[in-house]
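If you want the building blocks of each chain, they are given just below.
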Amino acid sequence: MKRAGRILTWAALGVLTVAFIYPFVWLLSASFKPRGEVFDHRLIPETFILDNYVKVWQEAPLALWMVNTLLVTVLAAVTVTITSAMVAWGFAYFRFPGRGALFGLLLATMMLPGVVTMIPVFLIWNSLGMVGTLTPLWAQNLFGSAFYIFLLRQFFMGLPREPFEAAKLDGANNWKIFTRIALPLCRPAVVVTLLFEFQAAWTDLMRPLIYLRDSSTFTVPRGLKALLDQFGFGGEWHWEIVMTASVITTIPMIILFFLGQKHFLRGIATTGSKG
Amino acid sequence: MSFRRTMRWKDTRAALLFISPWIIGFLIFTAWPVINSAYLSLTDYDVINDPSFVGLDNYRALFEDPKVGLALRNTALFTVMSVPAHLVVSLALALLLNSATKATGFFRTVFFLPKMTPPVAIGILLLMLFNGQSGLINGFLGLFGIDGPAWTTDPDWVKPGLVLMSLWTVGSSVVILLAALRGVPQELYDSALVDGAGWWRRTLRITVPMISPTLFFLFIVDTIAALQSFTEAYTAFFGSGNTTYSNDAALFYAIYLFQQAFEFLHMGYASALAWLLFIVIMAITGVQILVTRRYVHYEGGKP
């Protein structure tokens, strides 16, 4: 009985693994197939070609889109991590009047759906003449983000207080205590924040749709959508181009995931357990 | 006494310095937009001309706009289908992973991987996999002699297709649930085993109640996310040049709002749409909290 259960478990896991991985493999293999064979279900292309990659490169400024995305993503992730950590430290370490109320306000902003502020925020960037540039995609992160502040504060609250008090007696100022002692201790949470925001910024479509006009400023997801509109829906269908571009878009995220796997999974597990 | 007061003031000043980025950001990017959005919802505004005050006209128009009703129905249907499906599938996967003590790390990675695929690419993948004539899903169904539906063009099958595709990304819920499962004390199972309780009984009587706070958390978060779904459906069924598909079946509320605001430049009307969504989300979340509260078990009493 017990053995049967174990065999069943492993069989189910095997089937599910195939179901979860197969779409990737199929997409990857389709990107090496000529146009007429894209939809056949062979995993090893009958005719193996690299033309699609060459064509995508010629049709779309993919390299430029990658540079744009990388710029936005790095700026977004770094700024949000630094400022969120600062704010989280402010809430975690100091006792001051109104702390509870302010933190409650911060939590409340997490419940506000993005669509409510979307239009006025657009109008702010519009009045600053920034629509059409990459700035609106990351600059808001200079002010931190409620979710990460919450995440990092939880982590800071779990640290013992003694090393900070000791440093204070030794004459270290608040900034030094934060940057030299607190931040290094908080490295796992900092890495989680960086990875989460990197992923969010890399995969975002809505903001690039709102703010970017010219294809030279596109990020990769925005460009991919433009390619789909052009080659998927517009007249002649060239799925092989769209699929190849999808592969190219996905690969950086997969690489990032394998580099930061441990932190990613641990971070997600901890964010969820706070019910 | 005065020394103490200066100390406290010094602390307050330092704290305010540390949290000042958030305070400034809150004022500029949350407080002001909320006020402005409420005001705009009472105006006609196309970005080019100044807003003109129209009172509650936008809100009245909401109730007469057939597309609002359509978008609300679509979104509700998608939410009602996808949220329970997500919870059941991710719980099943987490339980499976938890019972296979070896190689959990490997499978956890496998199930999480699709979460790293950009939603735009998932929208594209949806069009390929669920293609009525030559897609992989119908090819698979064909193996069993089933003639699959035209998922991406038949209005009745567009939402089920979107729901199925969304199941591919349950990975983060699985990881969260797995962490919760690890926290259930082994003694509970041991004593249940002594009492002769079978797998089902143990799962229903011990596991599910013990991880109910996490299930509850996922239930709420998933619902809010489903009510705001945008990218996958927009990628696959909307955008310039796309006229082949039965878009109406995939017109989610967030998509309609986006179109009104940024394609038709009806900023006032779109703001009213945003407030209606906000109210709907608050109401649903409130009901969910009230209804499920008695089923959620917190160790050490209610928080």
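Residues numbered from 1 in each chain as written. Chains lettered and ligands numbered in written order. Predicted model: local features only at pLDDT ≥ 70, side-chain atom pairs only at ≥ 80, totals over all residues. Heavy atoms only, no water.

Chemist: Even after reading the chapter, I still don't get the interface of chain B and chain A, so can you show me in this structure?
Modeler: Taken together, the contact between chain B and chain A spans 90 residues of the former and 86 residues of the latter. For the pair chain B and chain A, the two sides together bury roughly 7800 Å², of which 83% comes from carbon and sulfur. Looking only at chain B, the three residues that lose the most surface to chain A are Phe18, Trp22 and Phe29 of chain B, adding up to 12% of its buried area. Connecting chain B to chain A are 1 salt bridge. One salt bridge in this structure joins Lys168 of chain A and Asp11 of chain B, with 4.0 Å as the shortest N-O distance. In this assembly, chain B and chain A are joined by 6 residue pairs in polar contact (both at pLDDT 80 or more). Partitioning the side of chain B that touches chain A into residue classes produces 63 nonpolar, 23 polar and 4 charged. (Contact = heavy atoms within 4.5 Å. Buried area = accessible area lost by both parts, 1.4 Å probe. Salt bridge = Lys/Arg side-chain N within 4 Å of Asp/Glu carboxyl O. Polar contact = N/O pair within 3.5 Å; in protein donor to acceptor, adjacent residues only side chain to side chain. Nonpolar A, V, L, I, M, F, W, Y, C, P; charged D, E, K, R; others polar.)

Chemist: I would appreciate a short explanation of the packing of aromatic side chains in the present structure.
Modeler: Any pair of aromatic rings gets described here by the distance separating the centres and the angle formed by the planes. Counted by the stated rule, this structure contains 44 aromatic pairs over all chains. Judged by centre distance (5.8 Å) and plane angle (70°), the ring pair of Tyr93 of chain A and Phe164 of chain A falls under edge-to-face. Highlighted residues: Tyr93 of chain A in helix α3 (residues 62-93) and Phe164 of chain A in helix α8 (residues 162-169), separated in sequence by 71 residues. Classification of Tyr93 of chain A as buried rests on a relative accessible area of 5%. Between Phe178 of chain A and Phe18 of chain B the ring centres are 5.3 Å apart and the planes differ by 75°, which places this aromatic pair in the edge-to-face class. Here the residue Phe178 of chain A occupies a position in helix α9 (residues 174-185), and Phe18 of chain B occupies one in helix α1 (residues 2-40), the pair thus bridging two chains. For Phe18 of chain B, a relative accessible area of 5% translates into the label buried. Three or more aromatic residues joined by ring pairs make a cluster, and in this case those are Trp89, Tyr93, Phe94, Phe156, Phe164, Trp175 and Phe178 of chain A together with Phe18 of chain B. Arg153 of chain A extends its terminal NZ or CZ atom over the ring of Phe103 of chain A, reaching a point 3.9 Å from the ring centre. (Phe/Tyr/Trp six-rings, centres within 6.5 Å; stacked < 30°, edge-to-face > 60°. Helix = DSSP H or I, 4+ residues; strand = E, 2+ residues; numbered from the N terminus. Buried < 20%, exposed > 50% of the residue type's maximum accessible area, 1.4 Å probe, protein only. Lys NZ or Arg CZ within 6 Å of the ring centre and 35° of its normal.)

Chemist: Quick question: what am I supposed to make of the nonpolar core here?
Modeler: Generally speaking, nonpolar side chains in soluble globular proteins are found buried as a group. Of all hydrophobic cores here, the largest spans 157 residues; its most connected members are Phe122 and Phe264 of chain A together with Phe111, Leu162 and Phe262 of chain B. Ranked by residue count, the leading element in this core is helix α13 (residues 239-273) of chain A, at 15 residues. Not counting residues up to four positions away in its chain, the partners in contact with Phe264 of chain A are Leu195, Phe196, Gln199, Leu256 and Phe257 of chain A together with Phe112 and Met116 of chain B. Residues Phe103 and Ala167 of chain A together with Ala14 and Trp22 of chain B belong to the second largest nonpolar core, which totals 31 residues. (Core = buried A, V, L, I, M, F, W, Y, C linked by side-chain atoms within 4.5 Å.)

Chemist: It is not clear to me how the confidence of the model for chain B should be interpreted in this structure. Could you clarify?
Modeler: Keep in mind that low pLDDT regions are not for reading the predicted coordinates in detail. Residues with a pLDDT of 70 or more make up 94% of chain B, whose mean pLDDT is 90. Under the prediction, the complex receives an ipTM of 0.91, its pTM being 0.92. (pLDDT = per-residue confidence, 0-100.)

Chemist: Help me understand the pattern of salt bridges, please; the structure alone is not making it clear to me.
Modeler: Side chains that differ in sign of charge can pair as their charged atoms come close. Residue and element names in this part refer to chain A. According to the stated counting rule, one finds 7 salt bridges over all chains in the structure shown. Where Glu240 meets Lys55, a salt bridge forms, and the shortest distance between an N and an O atom there is 3.5 Å. Taken together, the residues span a long stretch of sequence, with Glu240 in helix α13 and Lys55 in helix α2 (residues 51-59) at a distance of 185 residues. You can call Lys55 partly exposed: its relative accessible area is 30%.

Chemist: Where do I start with the UniProt feature "transmembrane region" (unreviewed entry) in chain A in this structure?
Modeler: Residues and elements named next belong to chain A. Sequence positions flagged by UniProt for "transmembrane region" (unreviewed entry) are, in local numbering, residues 7-28, 62-89, 101-125, 137-156, 177-196 and 237-259. Taken end to end, residues 62-89 has its terminal C-alpha atoms 40 Å apart, with 100% of it in helix and 0% in strand. Within residues 137-156, the helical portion is 65% and the strand portion 0%, while the C-alpha atoms at the span's ends are 28 Å from each other. (UniProt positions renumbered as here; feature names shortened; annotations may be inferred.)

Chemist: Please clarify how the side chain of Thr30 of chain B should be interpreted in this entry.
Modeler: Tracing the chain through its elements places Thr30 of chain B in helix α1. What makes Thr30 of chain B buried here is its relative accessible area of 18%. Not counting chain neighbours up to four residues away, the residues in contact with Thr30 of chain B comprise Thr109, Leu112 and Thr117 of chain A together with Gly25 of chain B.

Chemist: Honestly, the packing of helix α5 (residues 119-129) of chain B against helix α7 (residues 155-167) of chain B in this entry has me stumped. Any pointers?
Modeler: Two measures define how a pair of helices packs: the angle their axes make with one another and the distance between the axes. Residue and element names in this part refer to chain B. Direction vectors running N to C along α5 and α7 enclose 120°, while the axes themselves pass 10 Å from each other. It follows that α5 is oblique to α7 by the angle criterion. Seen from above, α5 lies across α7 with right-handed handedness. Residues Ile122, Leu125, Leu126 and Leu129 of α5 pack against Gly161, Leu162 and Met165 of α7. By residue class, the composition of the contact of α5 with α7 is 6 nonpolar, 1 polar and no charged. (Axes fitted to C-alpha atoms, helices over the stretch in contact; angles between N-to-C directions. Parallel < 35°, antiparallel > 145°, perpendicular 65-115°, else oblique. Left-handed = near helix turned anticlockwise from the far one by under 90°.)

Chemist: Even after reading the chapter, I still don't get unusual backbone geometry, so can you show me in this structure?
Modeler: If a residue is not glycine, its phi is most likely negative; likewise, a peptide bond is most likely trans. Residues and elements named next belong to chain B. One non-glycine residue, Val47, adopts positive backbone phi at about 75°. Structurally, Val47 can be placed in the loop between β1 (43-44) and β2 (52-53). For Leu265, which is not a glycine, the phi torsion comes out positive at approximately 55°. Inspection of the secondary structure assignment puts Leu265 in the loop between α13 (253-263) and α14 (267-292). We classify Leu265 as partly exposed; its relative accessible area is 30%.

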